[in-house]
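Structural features, examined
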Amino acid sequence: MIVHRRFCCCLERALALRNQLNRQRLSTTSINDLVNHHKTIKSSVVTPPSIRSPLNPTEVFTNSELRLSDMDVIGFDYDYTLAPYTRELEHTIFNMIIEGLVSTRHYPSALSELKYDPDWLARGTHYDITSGIFMKVDAYHRIQSESVYQCFRKVPEEEILDRYPGKRLFFSPAGHSSRFRQIVDIFQLPELYAWCAVLNYLQSTKNVPHPVLVYEDISNVTRDLHVHGTLHAHIMRNIGRYLEPNSTLVEMLNMLRNENKKLFNIL
């Protein structure tokens, strides 16, 4: 805290000097004096050890406008918050999707031989439902060329430019698109890997339906797993297999209750 106060005081002096020099119609010498003064201030500030050390992943970070002590009601998401699932659940969801495609959508039974790779996709990845292409996109919707794959095939630069002129994705002013999606949920990883694997298999057999049709079939099968309670029931029968123990969860919830906080669960 002392370091931050010192920095603020130095910054105020630097700003005052800048304003004074502005009023005097800065000369080259004055500008150099201001730059040197800023460098002196910057070098005199020591970074606190708490900032230099690695962040603690178990801590909760909020902004300066929020005091948890002033909060009377606190809510928690369930999946992957109160219920930290194991990576094995992703494999199970993938297998259930493939089973649903074979049994209810009449896809080839050979799909049952497909295996899930938990490291192939990552949250934040964008994908094009019209082509089965996955890609990383920056904050300005620019495509990162090295990340572009169609199923498991690396897409060359020339094809990227041909499909996406300027190597950019275009969305509506509200940020929506009927063509492009983004992986934002961990539950989506096995679903979209299934799309990759199924499309790749069908292409190898020369029986290639439009990627959108396969995408819709997989989305519907996945939705049924959740809506009909099939996935939930399977997890409940195998809690020890799919839920990681969290020894501090009960302690934290009890602490909040003892502080007279009202708690709720977001389903």
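The rules behind each value
- Residues numbered from 1 in each chain as written.
- Predicted model: local features only at pLDDT ≥ 70, side-chain atom pairs only at ≥ 80, totals over all residues.
- Heavy atoms only, no water.
- Helix = DSSP H or I, 4+ residues; strand = E, 2+ residues; numbered from the N terminus.
- Polar contact = N/O pair within 3.5 Å; in protein donor to acceptor, adjacent residues only side chain to side chain.
- pLDDT = per-residue confidence, 0-100.
- Contact = heavy atoms within 4.5 Å.
- Axes fitted to C-alpha atoms, helices over the stretch in contact; angles between N-to-C directions.
- Parallel < 35°, antiparallel > 145°, perpendicular 65-115°, else oblique.
- Left-handed = near helix turned anticlockwise from the far one by under 90°.
- Nonpolar A, V, L, I, M, F, W, Y, C, P; charged D, E, K, R; others polar.
- Core = buried A, V, L, I, M, F, W, Y, C linked by side-chain atoms within 4.5 Å.
- Buried < 20%, exposed > 50% of the residue type's maximum accessible area, 1.4 Å probe, protein only.
- Phe/Tyr/Trp six-rings, centres within 6.5 Å; stacked < 30°, edge-to-face > 60°.
- Pairing = 2+ DSSP bridges.

Considering the environment of Asn246
With respect to the helices and strands, Asn246 occurs in the loop between α9 (239-242) and α10 (249-258). Remark: the alpha-carbon pair of Asn246 and Ala83, spanning 163 residues in sequence, is separated by 8.7 Å. A polar side-chain atom of Asn246 sits 2.9 Å from a polar atom in the side chain of Thr248.

A closer look at the confidence of the model for the protein
Across the protein, pLDDT averages 83, with 79% of residues at or above 70. For the protein, the element scoring lowest by mean pLDDT is helix α3 (residues 49-52), at 53; helix α4 (residues 88-104) scores highest, at 96. Segment residues 1-5: pLDDT under 50, and 4 contacts once partners within four positions in sequence are set aside and those in other chains are kept.

Quick word on unusual backbone geometry
Phi is positive for His106, close to 60°, though the residue is something other than glycine. Summarising the element assignment, His106 is placed in the loop between α4 and β2 (126-128). Even without glycine at this site, Lys167 takes up a positive phi of about 55°.

Notes on the packing of α4 against helix α7 (residues 211-227)
Across the interface, α4 lies against α7 with an axial gap of 9 Å and an inter-helix angle of 115°. In terms of orientation, α4 lies roughly perpendicular with respect to α7. Crossing of α4 over α7 shows right-handed handedness. Counting all contacts with α4, which are made through Ile93, Met96, Ile97, Gly100, Leu101 and Thr104, the residues of α7 involved are Asp217, Ile218, Val221, Thr222 and Leu225. Split into classes, the residues belonging to the contact of α4 with α7 amount to 7 nonpolar, 3 polar and 1 charged.

Some points on the nonpolar core
It is characteristic of soluble globular proteins that their nonpolar side chains tend to be buried jointly. Within the largest apolar cluster, 40 residues are counted, with the highest numbers of intra-cluster contacts made by Trp195 and Val198. Put simply, the parts of the chain that give this core at least two residues each are α4, α6 (188-204), α7 and α8 (230-237). Considering each element in turn, this core owes the most residues, 10 residues, to α6. The contact partners of Trp195, leaving out residues within four places of it in the chain, are Tyr127, Asp128, Ile129, Gly132, Phe134, Pro211, Val214, Tyr215 and Ile218.

Section: the packing of aromatic side chains
A complete count under the given rule lists 15 aromatic pairs for this structure. Aromatic pair Tyr80 and Phe187: ring centres 5.4 Å apart, planes at 65°, arrangement edge-to-face. Taken together, the residues span a long stretch of sequence, with Tyr80 in the loop between β1 (73-77) and α4 and Phe187 in the loop between β6 (180-182) and α6 at a distance of 107 residues. An aromatic cluster is built from Phe94, Tyr116, Trp120, Tyr149, Phe152 and Tyr193, whose rings are joined through pairwise contacts.

Considering the pairing of β1
Every other side chain in a regular strand lies on the same face of the sheet, so the side chains alternate between the two faces. Residues of β1 alternate between two faces, with Ile74 and Phe76 buried on one and Val73, Gly75 and Asp77 left unburied on the opposite face. Both β1 and strand β7 (residues 262-266) contribute to a ladder of 5 bridges, which runs parallel. When the sheet's bridge partners are listed, Phe76 is paired in β7 with Asn265.

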